[in-house]
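Listed below, chain by chain, are the residues.
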Amino acid sequence: MICPCGADHSADAEGSRYFVSVRDAGRSGFPAGPYATHAEALADVEAVREIAYRLDGMTHFFEWGTARVDGDAAAKLGPGKLNEALKVSRERAEG
Ligand SMILES: [Zn+2]
């Protein structure tokens, strides 16, 4: 299956997980995730970016994207800090 990003992720490791990622001045974070597929992570980048912007306008200048995390590292990262806010905003949008 080809992902919306154009890549074929079928060769990714079985336990790979995907996160919405953010970077700024050498610091990085994984505010949303884990997702089972890259497509799901990609689809949430804009929504996460908007939530972060409402919390802190400086995040407008951060680099937003996605990241793949392999194996146990995904479990160690735990859920993204904005997962809950993302869920709430989605429920609100659905009315
Ligand atoms: Zn992809």
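Refer to the structure presented above.
In what follows, the accompanying structure is described. (Residues numbered from 1 in each chain as written. Predicted model: local features only at pLDDT ≥ 70, side-chain atom pairs only at ≥ 80, totals over all residues. Heavy atoms only, no water.)

Structurally, Asp 44 is set in helix H1 (residues 38-55). Residue Asp 44 is classed as buried on the basis of its relative accessible area of 8%. Setting aside anything within four residues of it in sequence, one finds Asp 44 in contact with Val 20, Tyr 35, Leu 86 and Arg 90. (Helix = DSSP H or I, 4+ residues; strand = E, 2+ residues; numbered from the N terminus. Buried < 20%, exposed > 50% of the residue type's maximum accessible area, 1.4 Å probe, protein only. Contact = heavy atoms within 4.5 Å.)

Attention shifts here to the coordination of the zinc ion. Those donors, Cys 3 (SG), Cys 5 (SG), His 9 (NE2) and His 38 (ND1), are the protein atoms that reach the zinc ion, and they lie 1.9 to 2.3 Å from it. Sequence spacing of the donors to the zinc ion: C-x1-C-x3-H-x28-H. Pair noted here: His 9 is in the segment before strand S1 (17-24) and His 38 is in helix H1, with a separation of 29 residues, a long-range link. Overall, His 38 belongs to the buried group, its relative accessible area being 11%. (Donors = N, O, S within 2.8 Å, 3.2 Å for Na, K, Ca; no water.)

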